[in-house]
Amino acid sequence: MKYPETSKKEVDVTGISGAVKIGCRTDKGMIIPQAFKFRAIEGAPENVLWADYSVSAESCFAMSDGTLYAAPLCKKFVAVTEVDGEPFMLEEYDGGRRKTFIVSGEKYAVFDGETHSVNAFRCGIYAGVTKCGRLFGVDSEDKTLVRWTGTDGINDLKESIEGAGWMRLEGAFGNVLNLVVAGDYLVAVREYGLTAISAFGAPENFRQINAVHKAPRIFKNTAVAINGKLYFYTVKGLYCFDGNKIAEVFADRRGMLNTPTYAVAYGQNYCVCGFSAALGREAVLIYETLGGAAYFADIPAKTLCAHNGLIAFTAAGAYISEAGGEYTFESGEINFGDARKKTLTGIEILGGAADVEVTNGVVSRILGGVNGFARVNLRGNHFKITLKGKEKLGAVKAFAEVGYGI
C-alpha cells in the first residue's frame, strides 16, 4: 500500500502579519510582556470628556457634565467647580510660584497645590497653549484664526507690536482642532493638515513656516508631541510630523482604531484610545516611538492622561495602570504558505510557558502551560494561534504536514 507523500512545514508564529497584541510586543521571534493591571481611583466621575495631570498641583484633573474634578496624587476625585466649555490646562509661574491654570469658556481656575480661585477669562479662545511667555489659542468663533496674548498674563488682550495679536492660517485645511508645541514650533492641528508657526521674539516675527502640510482627515485630541515630533491619528492610521514633513508611521491595518477619541504621551510612548475593530471593543493602542512596537492595553478608555502610570477614564470611572497582568497574543492567519488542507501537528514554545489555543475556524484545541513541544494534530486550511501568559517567550513555532494527492 502506497501512502500519500507529505511535506513538513514550520513557521515563526510571531512573524505572521495581522497579529493582535494585548499587553505584549514582539522582537526577533520573542514575545515580550508589556501588560498592565488597572487600579480604580476612588470617587471618579463618569463620562469624562477631558483630563490632564498637573505636576505643580500634584493632581489629576477631569471634566464631566459641566463639573471640574481634582484627584490629589491620583487617590480620590472631588468636585472643584463648574465649567462652561472644553477646558485646557497651563502650568505657569505667578507671584513667584508655579501654578496650574485650567481655562474653560469664560473663566479659569487657579491652583497652587493648596487652594484654588476662579476668575473671569476674556480671551475668547479654545485649545490654548503657552510659548515664550504668551498664551496662544484658537478664536472661539473663527476657527482658522490663532490669537495670542501680551506678556502680562492670560487676560492681557491689548493689541500692539509687542502685545496681543492674531494670525489667520493659510491653506484649505479646515478648522483648527488643537494647538501643540512640538520642538521649536507651535503646530496648528487642522482637519486635513498641519500649519507650523514660528513664534519667537516679538509678535512681528511670528510667521507660518512651510504652511502646506496636507494629511488625511485628523481626529481631534489625538495630536501629541514626543521628543520634538508630533504624532497624530488620521482616518488612515498614525502619522508623524518632524518639523519638515509628514510621514506615515503605520497604516491602520485590521481596523486598529476606529474613531479614536484621545491621545497622551506616557514616557516615550504614544497612547490613543478608541474602538478597535480587531478586538471588537474599546481599547488603548500604545505605540513605542523609540522601537516602533505597537500593542493594546485592554481597557475601554474614552479619555486618557498620564503620571506615574497611564490613567484611563472609562464610561464608569477612572483607573491607573500598574505593572503586571496577563498578555494575549493572537496570531495572524497561518496557512504555512500552502492553500491546501494540512495538519497542524504541533507547537513549540522556547524560553518560557504560555497557555495556547489553536483553531481552524471551526474546531479548537486548548493546551495549558505549554513549555517546549506540544502535539496538536488539527486539520484545516488555515489556523490561528492564541497565547496567554505572563512570561517572556524566547520563540514560538508551529509545525504542519501538507499531504500531496489527498
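Please read all numbers here as calculations on a predicted model, not as lab measurements.

**Student:** Would you take a moment to explain the packing of aromatic side chains for this structure?
**Tutor:** Each aromatic ring pair is specified by the distance between its two centres and by the angle formed by the two planes. Within this structure, the stated rule accounts for 15 aromatic pairs. A centroid spacing of 4.7 Å and a plane angle of 55 degrees characterise the contact between Phe 61 and Phe 111, whose relative ring orientation is tilted. On the criterion of sequence distance, the pair formed by Phe 61 in strand β7 (residues 59-64) and Phe 111 in strand β12 (residues 107-111) is long-range, its members being 50 residues apart. By relative accessible area, which is 1% here, Phe 61 ends up buried. With centroids separated by 5.7 Å and ring planes inclined at 45 degrees, the aromatic side chains of Phe 136 and Phe 206 adopt a geometry described as tilted. Residue Phe 136 is located in strand β15 (residues 134-139), and its partner Phe 206 is located in the loop between β20 (193-198) and β21 (207-214); the two are separated by 70 residues in the primary sequence. Residue Phe 136 shares its accessibility class with Phe 206, and that shared class is buried. Among the aromatic residues, ring-to-ring pairing joins Tyr 231, Phe 250, Tyr 270 and Tyr 287 into one connected group. Cation over ring: Lys 131 sits above Phe 200, and NZ or CZ is 3.8 Å from the ring centre.

**Student:** Explanation requested: the side chain of Arg 190 in the structure shown.
**Tutor:** Within the secondary structure layout, Arg 190 lies in strand β19 (residues 185-190). Among the polar contacts made by the side chain of Arg 190, one reaches the main-chain carbonyl oxygen of Glu 170 at a distance of 2.5 Å.

**Student:** Would you explain the environment of Gly 128 in this entry?
**Tutor:** Mapped onto the fold, Gly 128 is located in strand β14 (residues 125-131). Sequence separation between Gly 128 and Tyr 319 is 191 residues; the distance between their C-alpha atoms is 27 Å.

**Student:** Looking at this structure, I do not really get the sheet that holds strand β25 (residues 246-251). What am I missing?
**Tutor:** Strands belonging to one sheet form pairs held by backbone hydrogen bonds; the direction of such a pair is parallel or antiparallel. Strand order in the open sheet formed by four strands is β22-β23-β24-β25, and the pairing between neighbours is antiparallel. Since the sheet does not close on itself, it has two edges, and those belong to β22 (224-226) and β25, each with one partner. The average angle at which neighbouring strand axes cross in this sheet is 30 degrees, direction not considered. Relative to strand β24 (residues 237-241), strand β23 (residues 229-234) is paired through five bridges, and the arrangement is antiparallel. Note on β24: the bridge partner recorded for Tyr 231 is Cys 240.

**Student:** What is the right way to read the pairing of strand β4 (residues 30-33) from this model?
**Tutor:** Moving residue by residue along a regular strand, the side chains alternate between the two faces of the sheet. Bridge analysis of strand β3 (residues 24-27) against β4 gives four bridges, and the strand direction is antiparallel. Across the sheet, the residue bridging to Asp 27 is Met 30, located in β4. Turn length for the β3-β4 hairpin, with the two strands adjacent in sequence and antiparallel, is two residues, and the turn residue Lys 28 shows positive phi of about 50 degrees.

**Student:** What is the right way to read the sheet that holds strand β32 (residues 318-323) from this model?
**Tutor:** Pairing within the open sheet is antiparallel, and its four strands lie in the order β5-β32-β31-β30. Only two strands of the sheet have a single partner each, and these edge strands are β5 (36-40) and β30 (303-306). Put simply, the sheet's adjacent strands are angled 30 degrees from each other on average, direction ignored. With four bridges connecting them, β30 and strand β31 (residues 310-313) associate as antiparallel partners. For Thr 303, the partnering residue across the bridge sits in β31 and is Phe 313.

**Student:** In this structure, what is going on with the pattern of salt bridges? I would like to understand it.
**Tutor:** It is possible for side chains bearing opposite charge to pair when their charged atoms get close. Considering all chains together, one arrives at twelve salt bridges under this definition. A salt bridge links Arg 25 to Glu 288; the shortest N-O distance between them is 3.7 Å. Here Arg 25, found in strand β3, pairs with Glu 288, found in strand β28 (residues 281-288); they are 263 residues apart in sequence, far enough to count as distant. Residue classification places Glu 288 among the buried positions, given a relative accessible area of 13%. Across the pair Arg 147 and Asp 139 runs a salt bridge, and its minimum N-O distance is 2.7 Å. Residue classification places Asp 139 among the buried positions, given a relative accessible area of 10%.

What counts, and at which threshold
- Sequence order sets the numbering: in each chain, residues are counted from 1 along the sequence as written.
- Only residues with pLDDT of at least 70 are given local features in this predicted model, and only at 80 or more are side-chain atom pairs given and counted; all residues enter the totals for whole chains, interfaces and linings.
- Neither water nor hydrogens contribute to the side-chain values; these are computed over all heavy atoms in the structure.
- A pair of aromatic rings is counted whenever rings of Phe, Tyr or Trp (Trp by its six-membered ring) have centres within 6.5 Å, and the orientation is called stacked for planes under 30 degrees apart, edge-to-face for over 60 and tilted otherwise.
- Numbering of helices and strands runs from the N terminus; a helix is a DSSP stretch of H or I covering at least four residues, while a strand is a stretch of E covering at least two.
- The buried label goes to any residue with under 20% of its type's maximum accessible area, the exposed label to any with over 50%, and the partly exposed label to all in between, with areas taken from a 1.4 Å probe on protein chains only.
- Criterion for a charge above a ring: Lys NZ or Arg CZ within 6 Å of the ring centre, and within 35 degrees of the ring normal.
- N or O atoms within 3.5 Å of each other form a polar contact, as long as, within protein, one can give a hydrogen and the other can take it, and as long as residues adjacent in sequence are counted only when both atoms are side-chain atoms.
- Strand pairing is assigned whenever DSSP identifies at least 2 bridges connecting the two strands.
- The axes used here are C-alpha line fits, helices contributing only the stretch in contact, and every angle between their N-to-C directions lies in the interval 0 to 180 degrees.
- For salt bridges, the criterion is a side-chain nitrogen of Lys or Arg within 4 Å of an Asp or Glu carboxyl oxygen.

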